[in-house]
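# Inside the fold
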Amino acid sequence: MDNGDYPITSLVDAAAAGDEHAWHEIVDRYAPLLASVIRRFQLTTAETQDVAQTVWLRLIEHLSSLREPRALPMWIITTSRRESLRYLAGRRRTLPYDPLDPSWLATSAEDAEPDAELLRAERHEALLAGLAELPARQRELLLLLVEDPPLSYAQISQRTGVPVGSIGPTRGRALDRLRQTFAVRDHLTGPARVPVVSDGAARLDRGAPRDFDRLRER
Amino acid sequence: MTQHRWDDDQHLLDDLSDALREAALAGTLAEYGKGAYAWRTIDQDLLLASLSFDSSLESVQERRSDRDDARVLVFTAAPLSLELEVMPDRIVGQIVPPGPGEIRVEAADGVTFHVEADDAGFFDLPGMPRGPVRLRCDTPTGRLVTDWVRL
């Protein structure tokens with residue numbers, strides 16, 4: 001086990017220091033996690049683009065504060081969920097209630113998402129965050145193994161250079177490694193972390209808002 | 001030791017496959033991310049003002065009933081902060097502590113413009129570009145750049 005050599009931390013440090021390749025690698029590793037979180041909110045294409053862009057842009061400036069290994073995926077999950085929620089909150093205020101409107105369904109899905117759905121989302125987030133921690137070759141192999149339609153071992157061998165006879169054992173090692181990632185271990189051992197999004201979510205940091213009324217007097 | 005579904009290789013791979021199917025947009029979103037790096041701030045003297053309050057994320061119960069739907073945002077960076085109030089037709093803002101300064105708006109699509117804050121730190125912004133924006137604020141006491149937000 002190579003816990004001491006956590007690759008994401010050095011990627012984050014390098015990207016914060018100006019290494020664009022390190023940033024691209026972070027983006028490639030964590031884009032599936034981001035996509036999976038945003039998808040749950042059923043936003044339009046333009047909204048999805050805005051949320052994703054906002055999250056990436058903000059992440060670049062916050063990299064230096066995310067040096068702890070678990071911090072990056074949690075930051076991505078929290079920020080993208082919050083930014084997606086803002087669209088739903090906006091719709092709720094401007095639209096008359098229509099139980100058949102998909103945006104209303106999405107809103108209530110987030111407010112009172114059935115436990116099973118939430119747990120499923122958490123499982124997926126843990127797996128995608130775990131996948132992001134894997135070394136490139138193992139990640140690549142797992143991605144090929146779940147392609148739809150499925151690839152034959154011969155095709156996988158061609159793309160990865162791993163001999164056909166070694167794909168089975170390599171697959172086993174990659175899955176073992178996935179079980180050992182921070183994200184998957186935390187998911188399996190931690191208490192159920194049902195996210196509470198409505199509880200004080202507006203207060204992003206600490207401290208109360210100031211008195212804004214003086215703005216309006218102008 | 002209790003057995004978990006993921007102890008089995010095939011189950012673990014199946015769940016990973018499900019998770020990835022729901023992340024089908026990842027490739028597109030990664031492209032946005034790569035393009036975003038050009039916006040990295042490299043100015044060491046610039047304070048990053050984090051979004052510390054956003055009224056649009058308050059739950060209905062928390063929202064003060066005596067107010068209309070203007071959205072209030074606070075960006076905090078000691079010793080300087082920015083407060084914004086987003087109304088349907090305009091955006092007004094306040095530099096805290098109050099004082100003169102220049103406000104520059106940057107949009108991720110490259111549009112920029114600036115306005116002057118008055119001696120009390122108050123400023124008034126015309127319509128905003130679509131998509132993520134951030135504000136830079138230059139004052140005699142310091143300079144800050146806010147988090148990216150959609151207004």
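Our structure's up above, just so we're on the same page.
Residues numbered from 1 in each chain as written. Chains lettered and ligands numbered in written order. Predicted model: local features only at pLDDT ≥ 70, side-chain atom pairs only at ≥ 80, totals over all residues.

This paragraph deals with the environment of Val146 of chain A. Tracing the sequence through the fold places Val146 of chain A in the loop between helix H7 (136-145) and helix H8 (153-160). For the pair Val146 of chain A and Val162 of chain A, spaced 16 residues apart in sequence, the C-alpha separation works out to 16 Å. Aside from chain neighbours lying at most four places away, what touches Val146 of chain A is Leu13, Leu16, Ser17 and Leu20 of chain B. (Helix = DSSP H or I, 4+ residues; strand = E, 2+ residues; numbered from the N terminus. Contact = placed C-beta atoms within 7 Å.)

Residue and element names in this part refer to chain B. Here Arg143 lies in strand E9 (residues 142-146). Residue classification places Arg143 among the partly exposed residues on the basis of 17 C-beta atoms within 10 Å. Sequence-wise, Arg143 and Arg21 are 122 residues apart; in three dimensions their C-alpha atoms are separated by 44 Å. Non-local contacts of Arg143, meaning those with residues more than four positions away in its chain, are made with Asp45, Leu46, Leu47, Cys137 and Asp138. (Buried ≥ 20, exposed ≤ 12 C-beta atoms within 10 Å, placed from the backbone.)

Compared with an ideal rise of 1.5 Å per residue, which puts 16 residues at 22 Å, helix H9 (residues 164-179) of chain A spans 24 Å between its outermost C-alpha atoms and is within 8% of the ideal. Taken together, the buried positions of H9 of chain A are occupied by Arg171, Ala174, Leu175 and Leu178 of chain A. Contact partners of the buried residues in H9 of chain A: helix H6 (115-133), H7 and helix H10 (182-189) of chain A together with helix H1 (9-21) of chain B. (Expected span 1.5 Å × (residues − 1).)

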